[in-house]
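Summary of the model geometry
Given next are the chains, with one letter for each unit.
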Amino acid sequence: MGVTKQYMRYKPTSIFNIIASSRANGIFVEFNQTSNGRYWACGAAENVLVWDLRTGEKVAELNRDKEEVTYLKSFENKLAAGYSDGNIVIFNLDTRTNECMFTPHKSAISCLQFDKNGLNLLSGSLDTDLVVSDLVDQAGKCRLSGHRGAVTACQFLENYENIAISSSKDMQIKFWNIETQFCFKTIVDNTSEVWGLALLRNESFLVTGCKETALRVYKLTENKSHNDNKTVSDSSMLLSDDDSFSPIRCNFVGTIQRAGRGRTVNLITDSQGQYLACTGTDDEIEIFYFNSSEESLKKLSKRLKKLSVKKDELNEDSKELSLSDEIKRIGSIKTKEKVKSIDMISNSTGEIRIGAVFGNNLIRLYSVNSAQKHPEPLLLKSISQQGHHSECRSVSFSSDNLAIASGSGESLKIWNRSSLSCLRTIETDYILSTCFVPGDRHVLLGTKKGDLIIADIVVGEILETIRAHEKELWSVSLAPNLRSCVTGGGDNTVKFWSFELINDPNNESNKVLSVIHKNTLELEENVLVAKISPDNKYIVVALLDSTVKIFFMDSFKFFLSLYGHKLPVLCFDICYDNLLIATGSADRNVKIWGMDFGDVHRSLFAHDDSVMALQFIPKTHMFFTCGKDGKIKQWDADTFSKILTLPGHIGEAFGLTISPNGRYVVTCGSDRTLRMYERSDEVLVLQDVEEEEREEAENRELATGEDSAVPGLPGLNLPSKKTVGAEKAAENILESLELGRKFDAEGSNEIPPIMQFYEATTSNDYLLGVFSKIRSSDLEESLLLLPFSNVCEILERLPKIAETRKDQIELISKVVLFLFRIHHKPIVTNQVLLPSIQKLINSLEESVTEVRDMVGENVHAMSLLQRRIEGQDKVELFKDATRARRVKNQRQKKRRIAKRLHMQIAA
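First, a word on scope: everything that follows refers to the structure included in this document. (Residues numbered from 1 in each chain as written. Predicted model: local features only at pLDDT ≥ 70, side-chain atom pairs only at ≥ 80, totals over all residues. Heavy atoms only, no water.)

Focus: the packing of aromatic side chains
Using the criterion set out here, one finds 17 aromatic pairs in the structure. Relative to Phe252, the ring of Tyr218 lies with its centre 5.6 Å away and its plane at 65°, an arrangement referred to as edge-to-face. On the criterion of sequence distance, the pair formed by Tyr218 in strand β20 (residues 214-222) and Phe252 in strand β21 (residues 248-257) is long-range, its members being 34 residues apart. A relative accessible area of 2% means that Tyr218 is categorised as buried. Residue class for Phe252 comes out partly exposed when judged on its relative accessible area of 39%. Each ring, one from Tyr538 and one from Phe559, has its centre 4.9 Å from the other, and the planes form 15°; the classification is stacked. Of this pair, Tyr538 sits in strand β43 (residues 538-543) while Phe559 sits in strand β45 (residues 558-562); the two residues are 21 residues apart in sequence, bridging distant segments of the chain. (Phe/Tyr/Trp six-rings, centres within 6.5 Å; stacked < 30°, edge-to-face > 60°. Helix = DSSP H or I, 4+ residues; strand = E, 2+ residues; numbered from the N terminus. Buried < 20%, exposed > 50% of the residue type's maximum accessible area, 1.4 Å probe, protein only.)

Here's the deal with helix α8 (residues 776-784)
Burial analysis of α8 places 7 of its 9 residues in the buried class, which makes it a mostly covered element. For α8, the set of buried residues is Ser777, Asp778, Leu779, Glu781, Ser782, Leu783 and Leu784. Looking at the buried side of α8, the elements it contacts are β9 (97-102), α5 (724-746), α7 (763-773) and α10 (809-822). (Contact = heavy atoms within 4.5 Å.)

Topic: helix α9 (residues 788-804)
Over its 17 residues, α9 runs 25 Å from end to end, which matches the ideal 24 Å to within 8%, given 1.5 Å per residue. Along α9, the sharpest kink reaches roughly 35°, centred on Leu798 and followed within four residues by the proline Pro799. Within α9, burial applies to Asn790, Val791, Cys792, Glu793, Ile794, Leu795, Arg797, Leu798, Pro799, Ile801 and Ala802. (Expected span 1.5 Å × (residues − 1). Bend = angle between axes of the 7 residues up to and from the residue.)

Points about the pairing of strand β36 (residues 451-456)
Along β36, 6 of the 6 residues are buried, which leaves the element largely enclosed by surrounding structure. Of the two faces of β36, the one lined by Asp451, Ile453 and Ala455 and the one lined by Leu452, Ile454 and Asp456 are each fully buried. Here strand β35 (residues 442-447) runs beside β36; their pairing, made up of 5 bridges, is antiparallel. In the strand pairing of β36, His442 is matched with Asp456. Where β35 folds back onto β36 in an antiparallel hairpin, the turn is made up of 3 residues, including Gly450, whose phi is positive at roughly 100°. Pairing geometry for β36 and strand β37 (residues 461-467), over 6 bridges, is antiparallel. Considered in β37, the bridge of Asp456 is made with Glu461. Hairpin geometry of β36 and β37 is characterised by an intervening segment of 4 residues between the two adjacent antiparallel strands and by a positive phi of about 75° at Gly460. (Pairing = 2+ DSSP bridges.)

Put into structure tokens, the structure is as follows:
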């Protein structure tokens, strides 16, 4: 038996360089029991980051693997995060843990909204549906279908029970009755996609943003005639277009003209619904104030006095409140960058704080004092140093494994590998390649203009900029003797440089590093990569004609040509002993060649898109590759086998670097992240890795298909999505039924191991244990997959379970009610089930009544205990002890608002 090669597993350890993703929104959150606008939460690839806007530091990171965050919404200490796969995760910001997860949608989440009590969550998605989820039950309540385009915004109407509003790209705004799950009113007067909506002034105004630069304003009022038509059946209400059957009247009252350009991107209000902030596709944030009813009337009377002084004719329309009386423009904030998302809070003094996420990986906090006549925005905080403002194109490690250099379109950053903090930032041109100089005090940079830049990272300055190539400088690498370097550019040349110490022009007593041009190798095609072999014998060059040419280092004579790729070679590397060279190409293949004769040892299909970077692990024949498919893979060049696929980037991966000790791997990509992987002590077995990847591939596809179809129920529209977890739960239920039948038939006293795992001694306890382990959001979908014969068997077992396990009566009731709702007709017509059903109904009624009486008795007993202690000690129990203080603060707040309004009117 041969010796098996041993591999060590690389594991992802951290993600850095990203401040805020432009594909997700940012919001103010309550963190550490502080809700004064100090903490800001935003999406960062697949993570959620919480930033302290006072110190500019990251204080929390909430993780979920693989999928990208698309939308965030908070309520008190709860944070709901929507992802690109349609899942929603509820995080607890106090404990920084995942409380529950919902799977309501098939596409990315586009909007989220909590109700006023934080018990229900309304979600909209690109799959055109809205879903109401119960956070207490941790399951979906209902699905609202009717839009023909992606849902862009949604809101609960708190003044009306069970009513929600949604907007969509289908140019419609719909009002939904959550109880009946139907749309009772649709606004169709928009001529373009509706990108946002907001409710203001105690939900009396509805503002919508479309493709035009004007915001449309609607007045919402209660429809009193609706109360006179309560005797009308629900079916006639749903089919009628008459407003008399709608609880809400919605009248268009005018438009607000924005100063910004393009479509409406963000439409945000403060928590009181008094201020409105909006942004377009440009760099301007506009703020509006909706006057209270008293302020509007005062403004109307003031306008009428002006008209009477001018002796203008007053018609009936001019005597009524107009939109100019209701709304006041506060001002605007001009930013230099394009705004992607905003959030706003206000206080009683009239100060407005606006947090903004920009498209260039940046967060800023502004303050505007609305009490001033001409308020000037103030920039309070900017979080920008913790990441590049454009995509990172190149990364490299220092020789001591302690520092990482990353280059992007605007700067070079030096990172501490252990703390992942940014040590230096040097503004530069567009960087294509980076390389540490021996001594780790300087970094060589190749730019898009063809310049070779020498940067001193100790003082954070550029020492020298050399015009090395006429076109792009694609590659810069050190020679094995560490005394020179080689560069390759788009001007068909490879240039050789030696390091020299020269006198500092600013201080002749000091010496500074410089490079001296020594030689030039001219070629027929653009040079994409150039490297010197570790034995300093060959210079290897990748050309635009899809070939790799090898020349002798001393004479530049041609030695070998490696041809076989169909598209240009974008990366290659030579192993430490000069035996192998691996090349990665835009044709998605990696080829392993011999350096002695230039023969192809093996061609590997490596990635689903272009192979962007490749590097050997030092002192080994193993190498890593990354591609435009975002994946990071490890290969063995001796056995030609793939060792491992690491969790990669969301989007394209551009570059990678391996530390000199081979322990760390760092990659960069289009998702603005730098990802670090570390070699662990865990031994990796290739067969186990292949099995894991096979299972993961199987889990991506549902074995039963995506449709949740039930014979006889073609219109079934559950508020959940079928998942692999639901299919596995259905398998577990079927397995428990089969094992339970065998266990009861044998009558053995020996309990099977699987039943011991569920701590069950009987088959009924085993079945109930399986039900209790199913996630709440997957319970209905798993029951939907069961054949009707097994449904009958479950209904026959449930009466005994309900009698013996009254502690699980809620779960049993859920299962029974759902099975009856789905299989009502066949269950009713099955005469064999009638005795079991009758017994089950009686048992459930008795158990539910018993539980209800117990809860009621406990509540009243606690109330009695409360009154007795309050009467004896004159203290309040089970209530906030600061209630009197809160009432006093509310009175003071009203006085300050009245004083501010008086000052505004006087001005």
